[in-house]
Amino acid sequence: MPRPERNVTVITGGSRGIGAAIAVRLAEAGHDVVIGYAADADAAARVADQVRAAGRAALPVRVDVAEEDQVHRLFDTAMETFGPFTALVNNAGVTGPLGRFTETATDEMRRVVAVNVLGTLLCARRAAREMSTRYGGAGGAIVNISSGAATLGSPGEYVHYAATKAAVDAMTVGLSKELAPDGVRVNSVQPGMILTDMHATMGDPERPWRNPDRVPMRRPGHPEEIAGAVAWLLSPEASYTTGAVLRVTGGL
Ligand code: NAP
């Protein structure tokens, strides 16, 4: 893969939680970062400040990844500011409220599929078109943030969400093969139970601490422990790694 002189990475959902940790970790590794966020502009600005404190450039951009025109605006804005980008971290994701599948409302399912599947596909397609040597790009890498739920299935909690994350991993495998000859590596990271706002948003802030024994390492993970895996997948150390689904779950 050609080694670009400047690393510019677009991160969706970069304002909080895992995405924010990825933004800071990548800045420390020398990446300028585009911080996609859905609504919380203050949180995105705080992450941008952390990136700048690490000596790199940061650009917060508001985007709902489920909306195609907004996805194009995200990448257009990124390229107007930084020129060509070198990587995408497809991190934005939602679960909807916790609950049994039979009680899950159609609108909740529709939204989770729209953000986690369509949003990830739309961002990956635009990024692939820009980075692929087939279209005149210099190559690059995509990391999709999946979930341990993709193989656990999450019964009684959010089966529909688990299904979307299995779709993300299928997308990773197919895209990695399609784009490998064109200089774009594509990998997934499957986080386990990670300490972010997501659990409060789904209605159970204490969830990561409930039943800790179900995690072989007996504790939830920290966003930084996911960020390290992403940083490695985007580094030259991972130059022969594509189509990998890297599980970071404390053994779950
Ligand atoms: P989080 O703390 O809830 O943060 C979600 C981020 O996504 C925020 O930056 C939010 O922006 C953004 N976002 C939400 N909806 C969006 C949309 N429609 N378009 C663009 N951005 C959107 O979540 P997290 O726990 O860090 O999760 C990050 C990823 O890891 C998700 O894909 C999630 O499924 C996955 N994951 C998380 C866990 C876990 O235990 N936390 C486990 C496995 C997988 P605002 O700040 O503007 O709201």
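Please refer to the structure placed before this passage.
Values in this document were obtained by computation on a predicted structure and should not be read as measured data.

On to the site of the ligand, then. Close contacts around the ligand come from 32 residues, with Ser-15, Arg-16, Ala-39, Tyr-161 and Thr-196 the closest. With respect to the ligand, the side chain of Arg-111 contributes an N or O atom lying 3.3 Å from a nitrogen atom. Tyr-161 places a polar side-chain atom, nitrogen or oxygen, 2.5 Å from an oxygen atom of the ligand. When isolated, the ligand has an accessible area of 900 Å², and the protein chains bury 94% of it. Residue assignment for the shell around the ligand shows that the elements contributing at least two residues are helix H1 (17-28), helix H4 (106-131), helix H6 (159-179) and helix H7 (198-201).

To continue, consider the pairing of strand E4 (residues 87-90). Along E4, one buried face is formed by Ala-87 and Val-89 and the opposite face, lined by Leu-88 and Asn-90, is buried too. Between E4 and its parallel partner strand E5 (residues 140-145), the chain crosses via H4, and the hand of that crossover is right-handed.

Moving on, we come to the pattern of salt bridges. Overall, the coordinates contain 14 salt bridges when judged by the stated rule. Its salt-bridge partner being Arg-6, residue Asp-32 comes within 2.8 Å of it at the nearest N-O pair. With Asp-32 in strand E2 (residues 31-37) and Arg-6 in the segment before strand E1 (7-11), the pair connects residues that are 26 residues apart, well separated along the chain. Owing to a relative accessible area of 3%, Asp-32 belongs among the buried residues under this scheme. Ionic pairing is found between Arg-134 and Asp-182, a salt bridge with its closest N-O pair at 3.0 Å. In this pair, Arg-134 sits in the loop between H4 and E5 while Asp-182 sits in the loop between H6 and strand E6 (184-191), placing the two residues 48 residues apart along the sequence. Ionic contacts of the salt-bridge type, sharing partners, join the residues Arg-6, Asp-32 and Arg-56 into one network.

Attention now moves to the packing of helix H3 (residues 68-82) against H4. Contact geometry of H3 with H4 gives a least axis separation of 10 Å together with a crossing angle of 35°. Judged by the sense of rotation from one axis to the other, the crossing of H3 with H4 is right-handed. On the side of H3, the interface is formed by Glu-68, Val-71, His-72, Phe-75, Asp-76 and Met-79, while H4 contributes Leu-122, Cys-123, Arg-125, Arg-126, Ala-127 and Glu-130. Residues belonging to the contact of H3 with H4 are distributed by class as follows: six nonpolar, one polar and five charged.

A few words on the side chain of Asn-116. You can see Asn-116 is positioned in helix H4. At a separation of 2.9 Å, a polar atom in the side chain of Asn-116 contacts the main-chain carbonyl oxygen of Val-94. In this structure, Asn-116 is in contact with Ala-92, Gly-93, Val-94, Tyr-161, Thr-164, Lys-165 and Val-168, ignoring residues within four places of it in sequence.

Before going further, it helps to spend a moment on the packing of aromatic side chains. Within this structure, the stated rule accounts for two aromatic pairs. Pairing Tyr-158 with Tyr-161 gives two aromatic rings, centres 4.6 Å apart and planes at 55°, and the pair type is tilted. The residues Tyr-158 and Tyr-161 share a single accessibility class, namely buried.

Time to look at the pairing of E2. In terms of burial, E2 is largely enclosed, as seven of its seven residues are buried. Across the two faces of E2 the burial is the same, with His-31, Val-33, Ile-35 and Tyr-37 and Asp-32, Val-34 and Gly-36 all buried. Where E1 lies against E2, five bridges are found, and the strand directions are parallel. Considered in E2, the bridge of Ile-11 is made with Ile-35. One crossover worth recording links E1 to the parallel E2 by way of H1, and it is right-handed.

In this section: unusual backbone geometry. Unusually for a residue other than glycine, Asn-211 sits at a positive phi of about 50°. Mapped onto the elements, Asn-211 comes out in the loop between H7 and helix H8 (223-233). Even without a glycine there, the phi angle at Arg-218 is positive, about 65°. Take Arg-218: it is sitting in the loop between H7 and H8.

Right, let's get into the packing of H1 against helix H2 (residues 41-53). Two elements in contact, H1 and H2, have axes whose closest approach is 8 Å; the angle formed by their N-to-C orientations is 15°. As summarised for this structure, H1 and H2 are arranged roughly parallel, according to the angle between their axes. Here the hand of the crossing between H1 and H2 comes out right-handed. For the pair H1 and H2, contact is made by Ala-20, Ala-23, Val-24 and Ala-27 and by Val-47, Gln-50 and Val-51, respectively. The residue makeup of the contact of H1 with H2, split by class, is six nonpolar, one polar and no charged.

The rules we used
Residues numbered from 1 in each chain as written. Predicted model: local features only at pLDDT ≥ 70, side-chain atom pairs only at ≥ 80, totals over all residues. Heavy atoms only, no water. Near = heavy atom within 4 Å. Polar contact = N/O pair within 3.5 Å; in protein donor to acceptor, adjacent residues only side chain to side chain. Areas by Shrake-Rupley, 256 points an atom, 1.4 Å probe, with all protein chains shown as cover. Helix = DSSP H or I, 4+ residues; strand = E, 2+ residues; numbered from the N terminus. Buried < 20%, exposed > 50% of the residue type's maximum accessible area, 1.4 Å probe, protein only. Right-handed = clockwise from strand over helix to strand, strands pointing away. Salt bridge = Lys/Arg side-chain N within 4 Å of Asp/Glu carboxyl O. Axes fitted to C-alpha atoms, helices over the stretch in contact; angles between N-to-C directions. Left-handed = near helix turned anticlockwise from the far one by under 90°. Contact = heavy atoms within 4.5 Å. Nonpolar A, V, L, I, M, F, W, Y, C, P; charged D, E, K, R; others polar. Phe/Tyr/Trp six-rings, centres within 6.5 Å; stacked < 30°, edge-to-face > 60°. Pairing = 2+ DSSP bridges. Parallel < 35°, antiparallel > 145°, perpendicular 65-115°, else oblique.

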